[in-house]
Amino acid sequence: MESLTSQMQSNLNFTSTSSAAVSSQQQFVPVPSNSAGPQSTLTAVDRDKVYQWIAELASPETREEALLELSKKREVVPDLAPMLWHTFGTIAALLQEILNIYQYINPPTLNAAQSNRVCNALALLQCVASHNETRTAFLTAHIPLFLYPFLHTVSKNRPFEYLRLTSLGVIGALVKTDETDVITFLLTTEIIPLCLRIMESGSELSKTVATFILQKILLDDTGLNYICQTYERFSHVAMILGKMLIHLSKEPSTRLLKHVIRCYLRLSDNNRAREALRQCLPEQLKDATFTNCLKDDQNTKRWLNQLIKNLQETGGNALQSGPGGAGPSLNMPPMTTMGV
């Protein structure tokens with residue numbers, strides 16, 4: 001079985017209802033795919049093997065091995081996502097794997113073997129989330145919501161960290177497409193507060209993926225306007241980003257810092273957020289705290305210089321305060337973690 005560490009590293013690339021009983025006689029429906037590339041050709045024997053593994057997902061006795069083998073093949077079978085989606089009972093089987101883990105997250109008793117198994121199922125869902133032919137149906141079925149209980153976990157044990165990271169990888173695969181429909185869907189869920197909590201207290205890998213997701217949400221105009229619509233939302237995001245900079249000043253990570261700076265730069269594109277940032281931008285971004293960390297990262301240095309330039313310009317209106325503040329309420333709820 002693949003090691004936790006190698007799986008965690010691969011997830012950073014982002015390339016990668018109860019469940020009903022599934023039929024033991026699964027029938028695969030071939031679906032044409034427009035995908036092409038140097039790895040797009042499989043031998044007839046290889047393809048037959050993939051069909052067999054998909055069929056074996058229907059049976060609890062053969063599912064674990066099939067999950068492992070298919071997760072290994074997800075990068076070399078370009079039409080694996082539609083194959084999975086259009087095969088009767090396959091998505092139900094993957095969701096059953098997820099539901100089976102809920103009982104082990106509270107109290108936190110998840111072990112490494114259980115974590116590896118469900119993360120192989122999550123890797124296949126990430127494949128479906130990434131594919132142009134299946135992404136819309138994936139969202140319409142609200143499948144990302146099945147992952148949120150995993151993102152709510154706080155245990156620092158490695159199986160839980162791996163579970164959170166792989167779940168974040170599925171969301172990361174969605175936002176990487178830069179589609180407004182994806183952002184619109186996510187904004188109807190609790191993904192922002194969940195990401196913020198992980199950004200504050202997760203491992204470096206999980207923080208990096210969660211910050212990437214927030215960055216992608218901000219880069220969409222709908223997401224930027226949502227976060228900057230009320231003082232409560234903006235202040236929550238700004239507070240977590242500020243805490244991350246304090247931590248990064250003590251334990252530098254160029255990979256994580258670049259996403260934090262990009263989030264700040266995007267916030268400065270909003271007039272009201274820009275006015276607020278003039279008052280609350282952390283000193284670490286104004287002085288030489290990160291000079292050494294960014295010495296070889298020209299892109300991030302340009303982002304930081306542009307951020308400082310944006311904040312030196314004048315104009316714009318302050319963010320509206322919520323209930324009890326100086327400005328009129330926008331009648332939107334503050335961004336808090338639900339159910340925690």
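Residues numbered from 1 in each chain as written. Predicted model: local features only at pLDDT ≥ 70, side-chain atom pairs only at ≥ 80, totals over all residues. Heavy atoms only, no water.

Student: Teacher, can you tell me more about the nonpolar core here?
Tutor: Inside soluble globular proteins, nonpolar side chains tend to come together where they are buried. In terms of nonpolar packing, the biggest core is built from 95 residues, with Ile-191, Ile-213 and Leu-267 touching the most fellow members. Not counting chain neighbours up to four residues away, the residues in contact with Leu-267 comprise Leu-218, Leu-224, Ile-227, Cys-228, Phe-234, Val-237, Leu-241, Ala-273, Arg-274 and Leu-277. (Core = buried A, V, L, I, M, F, W, Y, C linked by side-chain atoms within 4.5 Å. Buried < 20%, exposed > 50% of the residue type's maximum accessible area, 1.4 Å probe, protein only. Contact = heavy atoms within 4.5 Å.)

Student: What exactly am I supposed to notice about the packing of aromatic side chains here?
Tutor: The full count for this structure, using the stated rule, is 1 aromatic pair. When the ring of Tyr-102 is compared with that of Phe-150, the centres are 5.7 Å apart and the planes differ by 70°; the resulting orientation is edge-to-face. In this pair, Tyr-102 sits in the loop between helix H5 (90–101) and helix H6 (112–130) while Phe-150 sits in helix H8 (residues 148–151), placing the two residues 48 residues apart along the sequence. Looking at Phe-150, the relative accessible area reads 0%, which means it is buried. The lysine or arginine in question, Arg-233, covers the ring of Tyr-226, its NZ or CZ lying 3.7 Å from the ring centre. For the cation-ring pair, Arg-262 lies above Trp-303, with the distance from its terminal atom to the ring centre recorded as 5.5 Å. (Phe/Tyr/Trp six-rings, centres within 6.5 Å; stacked < 30°, edge-to-face > 60°. Helix = DSSP H or I, 4+ residues; strand = E, 2+ residues; numbered from the N terminus. Lys NZ or Arg CZ within 6 Å of the ring centre and 35° of its normal.)

Student: For this particular structure, what's the right way to read the pattern of salt bridges?
Tutor: Side chains that differ in sign of charge can pair as their charged atoms come close. For the structure on display, the rule yields 14 salt bridges. Between Glu-64 and Arg-117 there is a salt bridge; the shortest N-O distance is 3.5 Å. Of this pair, Glu-64 sits in helix H3 (residues 60–73) while Arg-117 sits in helix H6, and the two are 53 residues apart along the sequence. Relative accessible area serves as the criterion here: at 35%, Glu-64 is assigned to the partly exposed category. Taking the relative accessible area as the measure of exposure, Arg-117 reaches 21% and is therefore partly exposed. Measuring nitrogen to oxygen at the nearest pair gives 2.7 Å for the salt bridge that ties Glu-179 to Arg-135. (Salt bridge = Lys/Arg side-chain N within 4 Å of Asp/Glu carboxyl O.)

Student: What is the right way to read the confidence of the model for the protein from this model?
Tutor: One rule of thumb: low pLDDT means the predicted coordinates there are not for detailed reading. Residue-level pLDDT values for the protein average 84, and 79% of them are 70 or greater. Here residues 1–40 is modelled with pLDDT under 50, and outside its nearest four sequence neighbours on either side it reaches 98 contacts, counting other chains as well. Here residues 316–340 is modelled with pLDDT under 50, and outside its nearest four sequence neighbours on either side it reaches 50 contacts, counting other chains as well. (pLDDT = per-residue confidence, 0-100.)

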